[in-house]
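Residue strings, one per chain:
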Amino acid sequence: MIYQLTWETSPGLRGLVCSRFRAVQTHAPDHERGLAISLENDQQREGLLAELEMHFAAQRFSTSAAAFEAVKTYALERAGGKK
């Protein structure tokens, strides 16, 4: 199944913070507003969302682009390793 992964990037005390990760099943991924990932089931989706929240809770970024690339790289690595 293909999921559209989105999240919020908001200002924090020491830089930008990524949080409120969501993944919604889709047939038409929108690469402009998030990231499309392939997962086998909703259980994998829930596990990935929990990992993302924990991994990025303490991280801060100086730019939105850096935050996007970090989330993208992490999510694709995690999703790819769970197949």
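Computed from a predicted structure; not experimentally measured.

Cut-offs used in this document
Residues numbered from 1 in each chain as written. Predicted model: local features only at pLDDT ≥ 70, side-chain atom pairs only at ≥ 80, totals over all residues. Heavy atoms only, no water. Pairing = 2+ DSSP bridges. Helix = DSSP H or I, 4+ residues; strand = E, 2+ residues; numbered from the N terminus. Axes fitted to C-alpha atoms, helices over the stretch in contact; angles between N-to-C directions. Phe/Tyr/Trp six-rings, centres within 6.5 Å; stacked < 30°, edge-to-face > 60°. Contact = heavy atoms within 4.5 Å. Core = buried A, V, L, I, M, F, W, Y, C linked by side-chain atoms within 4.5 Å. Buried < 20%, exposed > 50% of the residue type's maximum accessible area, 1.4 Å probe, protein only.

Caption draft 1: The sheet that holds strand β1 (residues 2–11), seen in detail. Read across the open sheet, the three strands follow the order β2-β1-β3; overall the sheet is antiparallel. Each having just a single partner strand, β2 (16–25) and β3 (35–38) make up the two edges of the open sheet. Recorded for the sheet is a direction-independent mean angle of 30° between the axes of neighbouring strands. Sheet topology note: the β1/β3 ladder contains four bridges and is antiparallel. Across the sheet, I2 pairs through a bridge with S38, a residue of β3.

Caption draft 2: Quick peek at the packing of aromatic side chains. Scanning all chains against the criterion turns up five aromatic pairs. Their ring planes at 40° and their centres at 6.2 Å tell us that F56 and F61 sit as a pair that is tilted. Three or more aromatic residues link up through ring pairs in this structure, and these residues are W7, F21, F56, F61, F68 and Y74.

Caption draft 3: Highlighting the side chain of T26. Summarising the element assignment, T26 is placed in the loop between β2 and β3. Among residues more than four places away in sequence, those in contact with T26 are I2, Y3 and Q4.

Caption draft 4: Here's a closer look at the nonpolar core. L5, W7, C18, F21, I37, L52 and F56 are the most contacted members of the largest nonpolar core, which totals 20 residues. Taken together, the elements giving at least two residues each to this core come down to β1, β2, β3, α1 (42–56) and α2 (64–81). With five residues, α2 is the largest single contributor of residues to this core. Each residue touching W7, except ones within four places of it in the same chain, is listed here: C18, S19, R20, F21, L35, F68 and V71.

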